[in-house]
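A look at the structure
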Amino acid sequence: MQQTLIYALTVPDDKAALLVNATDWLEVTVLKETSGIVVVGTKADLSPVGSGKGMSIPADVPIKFLMTPDSFLYTVSDTTTQKLSIIIQPLELFSQMLKALGAMSKGPASAS
């Protein structure tokens, strides 16, 4: 089931905010609806803005991220308030296929 989150946030340049904590395979779409600088990345150490440690998100352009289980998506911005829409789409079929491939790679169970 798809989930849409809308954030109006001000994240000081020296502290990143956690946007998504993935517990399974996810497709996450980030859409910045305001002007100003917003940077996203998979590590909390994104500061300072403009340092190249994350991806700068342009306004009104949806950016998709494929997230693995136990991964994170953080953001930091300049000092202005930013509006971000976050769409989280679970990739259940993808996750099931990977689990099936993992089980197949272990080979048939031994007969006792």
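Summary of the structure given here. Residue indices follow the written sequence of each chain, beginning from 1 at its first position. pLDDT decides what is reported in this predicted model: residues at 70 or higher carry local features, side-chain atom pairs at 80 or more are listed and counted, and totals for whole chains, interfaces and linings draw on all residues regardless. Hydrogens are left out, water is left out, and the side-chain values use all remaining heavy atoms of the structure.

Further remarks concern the overall build of the protein. Numbering of helices and strands runs from the N terminus, with a helix taken as a DSSP run of H or I at least four residues long and a strand as a DSSP run of E at least two residues long. Looking only at helices and strands, the protein has one helix and eight strands in total. Think of it in three bands: residues with accessible area under 20% of the maximum for their type are buried, residues over 50% are exposed, and the middle band is partly exposed, with areas taken using a 1.4 Å probe on protein chains only. For the protein, the proportion of its 112 residues judged to be buried stands at 29%. Summarising the internal contacts of the protein: among those between residues at least 6 apart in sequence, 86% fall at separations of at least 24. Working rule for contacts: check all heavy atoms of both residues, and any pair within 4.5 Å makes them a contact.

Another point: the nonpolar core. To qualify as a nonpolar core, a set must consist of buried Ala, Val, Leu, Ile, Met, Phe, Trp, Tyr and Cys residues joined through side-chain atoms within 4.5 Å. Counting 17 residues, the largest nonpolar core has Val20, Val28, Phe65, Met67, Leu73 and Ile86 as the members making the most contacts within it. Those elements that provide at least two residues to this core are strand S2 (17-21), strand S3 (26-32), strand S4 (38-41), strand S6 (63-67) and strand S8 (82-90). Setting aside residues no more than four positions away along its own chain, Phe65 makes contact with Leu26, Glu27, Val28, Val30, Val40, Met55, Ile57 and Leu73.

With that settled, the discussion passes to the environment of Ser35. Looking at the element boundaries, Ser35 is found in the loop between S3 and S4. Residues Ser35 and Gln82, spaced 47 residues apart in sequence, show a C-alpha to C-alpha distance of 7.5 Å. For Ser35, the residues in contact, after removing those within four places along its chain, are Thr80 and Gln82.

For the rest of this paragraph, the subject is the sheet that holds strand S5 (residues 55-56). The rule for pairing is simple: two strands pair if DSSP sees at least two bridges between them. Ordered in space as S2-S7-S4-S5, the four strands form an open sheet in which the pairing is antiparallel. Two strands bound the open sheet, and with one partner strand each, they are S2 and S5. Bridge count between S2 and strand S7 (residues 72-77): four bridges; the pairing is antiparallel. Pairing of Leu18 across the sheet is with Tyr74, part of S7.

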